[in-house]
Every structure is written in C-alpha cells, then in structure tokens.
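Now for the letters of each chain:
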Amino acid sequence: MQLLKIKNYINGQYLEAQSEGEILNINPATNEPISIIPISSNADINQAVSAATAAFPAWKTMSHDARFRILNAIADQIESHAQQLAEAETNDTGKPLWLSKSIEIPRAASNFRFFATASMQFASESHYNPGQNINFTLRQALGVVACISPWNLPLYLFSWKIAPALAAGNCVVAKPSELSPTTAMLLGDLCTKAGLPPGVLNIVQGDGPTTGSALVSHPSIKAVSFTGGTATGKKISSILAPQFKKLSLELGGKNPCILFDDCDYEKTLNELVRLSFSNQGQICLCGSRIIIQSGIYDRLKKDFVKRVEQIKIGDPLDPDTRMGSVISEQHKQKVLSYIELARQEGGKILTGGTTHTPQGRCSQGHFILPTIIEGLSPSCRTNQEEIFGPVISLIPFDTMDQAIQIANESPYGLAATIWTQDLKKAHHLAEQINTGIVWINCWLVRDLRTPFGGMNQSGLGREGGWEAMKFFTESKNVCIQYS
Ligand code: NAD
C-alpha cells in the first residue's frame, strides 16, 4: 500500500519539510503503517514563523466582519468534509468512526463557528471618572503564536486553540501530535478554500523533542497555547518562563466522580459507563477515581461491571463498536503496566485487566478491555497517577467530608463530577472540590463560553470564550485626562 506523505502547510502551500528524519504513522487498530511524518526542523519552523510574521499586519487590521466570514467559512469546509476528516481521525487514532463523525469533527467545526462570532463580539472595558478622565483598554493581537495539541481529540483540540488565536487577530504556527497528523494536514487545504490568507495559519508536523521544542523556543513566538502531558508542560514552562512569554497549559488529570446514595441511579449508571470509557478512557476529562457512597456501593459495582462487560470493543469502522483501540503499542504497554501495578498494590480486578484480540482486520491492533479495579487505597500510585486509558478504580466512602478529602487527595485538579439529587450537597461540594471544572449530574456538557482548564498539575490558565480571547491579546490601558 502507498503510504501517505504528510507535509507541512506553510504560507498557504503544502511543502516538504527540511526534515530531521521521519516517523512511520501506524493505524493502532490494525497495526498497519498509513503515512510518513516528517520531523520538521528549525529551518521549517523559521520558514513558518516568517510566513506568519509577514501575514500579521494585514490579518490584525482586517475588519471583524471579514475575519468572521473567513473563520465561519472554515467551519463550513470542515462540515462539508466531515466524512473524510472523520475517517482520517479514526485511522490515526483507532477511535470508533461514529465518535469521530458524530462528535469530534462537528465540534471542531463549532469551535471555528463560535470564535468567528467572538471576533465580532469581543469588546474591551472603559473606566470613567466623571469630570476628570477616562481610561479605556485596548486588547491587541499578540503577533505570532504557537498552538500545540495532543493525539486524543486531534482536530477538536487543535481547532480549540487555533480558532480563538486567529479570531483575536494573531497569526499562528501550529503543531499537531506526531501520532495524529492527518486531519491537521487536511485542515490546511480547507483554510485555503475558505479564503484564509497565506501565512495566517501555518501547520508544522513533527515530534516533540525536535519540532515542538524548536517552535516554543523560537524568539518571535509571543505566546504558546499547549495541551498535553504534565511533564511536557513543565518542560515548555521552563523555556518560556525566563522569557516572560504568555503560556496557557492544559495538562493531565485524575478526575474524581463522587456518587452519592441519593443519586438518580439509572441516569448515573448510564453516564458512569460513558465518562469512564469514552474514547477508550483517553479523554483528559474522563473519570478515573469513582468515589461511591457505601449505601449503593455493592449494587452499583455489580450493575456497573455488568454494563461494562456488554461494551462492544473492536473494529472502529464497525458502527456497533463502542470502544476501539488505544493510541499505540507503547501506550498499550503503559496502561498494562498500571494494571499490573494495581495488582501489586492490592487491587482486585473486577472486570477487564487484559488486552483484547478482535477477529479480522484488527487482529494485530492495540485493544485493552475496559477495566474496573477495587480495593486500592486512595493514596496509592494507581489512584494518584494519570493512566489515560480504559482503567478506573472504585473507592468507597461514608460521609461527605470523606468524599471531599478523597477527591482532593490528588496532585491534579482538572474536572470532577458529582451525582446527587440534593442540591445543597451539590453546591457545597462544588465549592470544596479543587478542580477547574465541576459537572453536577452530567458529564462533558459543553458551553463554549465557559472557562475551561485545570488547577495544580492540571495546568495554568483557562481556555474557552472570553478567557481564550483575553489570552490571545495583550491589554493596554489608555488614560485621557480632560479636567
Ligand atoms: P504529550 O505531552 O506527549 O504531547 C502533546 C504535544 O506536545 C504533542 O504535539 C507533542 O509532539 C508535543 N511535545 C512533546 N514534547 C514537546 C516539547 N518538549 N516541546 C514542545 N512540544 C512538545 O501529550 P500526549 O501524550 O500527546 O497527550 C496526552 C496528555 O494530554 C494526557 O496527559 C492528557 O491528560 C493531556 N490532555 C489534556 C487536556 C486538557 O484539556 N487538560 C486535553 C487532552 C489531553
């Protein structure tokens, strides 16, 4: 089979990288190579940054209406190429095709559509002292910014950064994960078709140590918006902090889900399956520590295990498949090593715990059965470290204070869910839990205007709505005295 050659998109054109090597991109569901990715070098980054710098003066002064029309047209292009994009996403990542098609690609389009309107609506404050002076705030585009995204929700998270950066008037050099390069490459052509001027968005392909490092270290980059692992976030931070550059970090999580005896049992059970194992547990917002009140613990455990054992796992192209493969052989080994660690730490595997081998074209793929563990101490490594796979741990509690203590016993602080019909309890917990996002009786409900991000080791800053527009602009106060 002819392998697709992944190219950079610079100054509105697809270019071969002046690469420092190549990576073979493997479809993890079949374990077959599908494309070759260049490891773009300093020279490629320089070229992309130069194109962005040249495009910046015209883009930042373009009328809001014209910018709105272009970003909105990109959303249209994504929607009209949804099938092609969804297939590319699934082939790169092993996730079910229905998931790519019904959720992820539409959400990428809605990111562009939402921030297209934000470019029309964004406004700044004024502070008026009657008879004396008036201050007004200019919020100006930063210049050339870098957007770096991970493999788990490729186009969705890529567009979540790029769209606000462009809407605020910046030019962008963006890098997708080396494990999911294809939809990012396809986006280039869609931007051209939508009328985005050359150089406004440049997409460079490659790995973290060479391409990603060169991008964040480039002296002309004014800000970096990064989503990925906490360890990578630390590295990037250490490069940017001494240069006082703006940095937004969306990092890992170890999300608590607190289930009270008085929850709406059937709804909670349904959502529990979804929040634990969607996208093979590879969503930063998936629950991983399921903290259950003792009155429903045994019943819920039994029903949950039964439901999870019915999940159809296998070929991502089969419309009945609910779980596909994990992202790679290497990631499969990492997840399996955590299951082994859980055993050593005294955990009991209630279901799963092993790989899965489907029949047919996916027999060589990297599948792991959805795994539920109980009997682990809240402070053990399995309950403290991010696994980022289809593995969750059940932890019982008696009192609300215990639940809060267990939930907060984590270096992370991304997202929590609380399941109770007692609104007083829910409000109290929402105040007490140390995460950037709290969902009550729901999970992954999305409103693009809300702040998105985590505390502590889960990141720095917030994305979404005005938070993103503010991150991608510099505020300047102007004071006029007239007294
Ligand atoms: P990763 O940190 O390995 O890679 C993320 C991106 O950073 C990739 O594009 C990679 O090439 C690049 N990169 C790696 N090293 C770099 C360096 N030194 N300099 C610059 N760029 C570099 O993460 P991953 O494995 O792709 O993604 C999984 C992680 O992402 C998990 O920890 C998950 O929780 C996290 N995540 C967080 C959120 C969130 O919103 N908080 C969302 C999705 C995923």
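Everything here concerns the structure above.
Since the structure is predicted, the reported quantities are computational estimates derived from the model, not experimental observations.

Caption draft 1: Representation of the packing of aromatic side chains within the structure. According to the stated counting rule, one finds nine aromatic pairs in the structure shown. Measuring from ring centre to ring centre gives 4.8 Å for phenylalanine 114 and phenylalanine 115, while their planes differ by 90°; the resulting arrangement is edge-to-face. Taken together, the ring pairs connect Phe114, Phe115, Trp160 and Phe452 into an aromatic cluster. Sitting above the plane of the tyrosine 265 ring, arginine 299 keeps its charged end 3.6 Å from the centroid. If you follow arginine 446 out to its NZ or CZ, it ends over the ring of tryptophan 160, 5.2 Å from the centre.

Caption draft 2: Seen up close, unusual backbone geometry. Positive phi values are uncommon outside glycine, yet phenylalanine 244 reaches one of about 55°. The topology assignment puts phenylalanine 244 in the loop between helix H8 (230-240) and strand E12 (246-250). Of note, asparagine 456 is a non-glycine position whose phi angle comes to about 50°, a positive value. We classify asparagine 456 as exposed; its relative accessible area is 53%.

Caption draft 3: Representation of empty space enclosed by the protein in the model. Under the counting rule described, the total for this entry stands at four cavities of 30 Å³ or more. Taken as a whole, the largest cavity encloses approximately 120 Å³ of empty space. As for the largest cavity, its lining consists of 16 residues, of which Gly281, Cys286, Ser288, Phe388 and Gly389 are closest to the centre. Elements that contribute at least two residues to the lining of the largest cavity include exactly strand E14 (287-293) and strand E19 (391-397).

Caption draft 4: Layout of the state of the cysteines. Inspection of the entire model under this criterion finds zero disulfides. Cysteine 171 takes part in no disulfide bond, and the closest cysteine sulfur, belonging to cysteine 147, lies 11 Å away. You can call cysteine 171 buried: its relative accessible area is 0%. Cysteine 380 takes part in no disulfide bond, and the closest cysteine sulfur to it belongs to cysteine 257, at a distance of 16 Å.

Caption draft 5: Quick peek at the site of the ligand. In the vicinity of the ligand, 28 residues are found, and the nearest of them are Lys175, Glu178, Thr232, Leu251 and Glu386. Threonine 232 has a polar side-chain atom sitting 2.6 Å from an oxygen atom of the ligand. In this structure, an oxygen atom belonging to the ligand sits 2.6 Å away from a side-chain N or O atom of glutamate 386. Alone, the ligand offers 850 Å² of accessible surface; in the complex the protein occludes 89% of this. At a threshold of 2 Å from the grid points, most atoms of the ligand map onto the largest pocket.

Caption draft 6: Structural view of the side chain of asparagine 170. Position of asparagine 170 relative to the elements: it lies in the loop between helix H5 (154-167) and strand E9 (171-175). Engagement of the side chain of asparagine 170 in a polar contact is seen with the backbone oxygen of phenylalanine 472, the distance being 2.9 Å. With residues near it in sequence (within four places) discarded, asparagine 170 still touches Phe56, Trp59, Ala141, Leu142, Gly143, Val145, Ala165, Val200 and Phe472.

Cut-offs applied
- Per chain, the residues get numbers from 1 upward, laid out in the order the sequence is written.
- Per-residue local features of the predicted model are confined to residues with pLDDT of at least 70, and side-chain atom pairs are confined, for both listing and counting, to 80 or more; whole-chain, interface and lining totals are unaffected and use all residues.
- The basis for the side-chain values is all heavy atoms of the structure; hydrogens and waters are excluded.
- Only Phe, Tyr and Trp rings take part, Trp by its six-membered ring, and two of them pair if their centres are within 6.5 Å. Stacked means planes under 30 degrees apart, edge-to-face means over 60, and tilted covers everything else.
- In this analysis the charged atom, NZ for Lys or CZ for Arg, is taken to sit over a ring once it is within 6 Å of the ring centre and within 35 degrees of the ring normal.
- Numbered from the N terminus, helices here are DSSP runs of H or I no shorter than four residues, and strands are runs of E no shorter than two.
- Classification of residues uses two cut-offs on accessible area relative to the type maximum, computed with a 1.4 Å probe and protein chains only: under 20% is buried, over 50% is exposed, and between them is partly exposed.
- In this analysis, the protein atoms alone were mapped onto a 1 Å grid. Cavities are point sets where a 1.4 Å probe fits without being able to get out; pockets are open sets with protein on both sides within 12 Å along at least five of seven lines; lining residues have an atom within 4 Å of a point.
- Grid points are joined across faces, edges and corners, and a volume is the space filled by probe spheres set on the points.
- Pairs of cysteine sulfur atoms within 2.5 Å are identified as disulfides in what follows.
- We define proximity as follows: a residue is near a molecule or strand when any one of its heavy atoms falls within 4 Å of that partner.
- In protein, a polar contact means a hydrogen-donor-capable atom and an acceptor-capable atom, both N or O and within 3.5 Å, with residues adjacent in sequence counting only if both atoms are side-chain atoms; elsewhere, any N or O pair within 3.5 Å suffices.
- Reported accessibility uses the Shrake-Rupley method at a 1.4 Å probe radius. Residues are deemed covered only where the shown protein chains occlude them.
- Cavity and pocket membership follows a simple rule, namely that a molecule belongs there if more than half of its atoms are within 2 Å of the grid points.
- Pairs of residues are marked as contacts when any of their non-hydrogen atoms sit within 4.5 Å.

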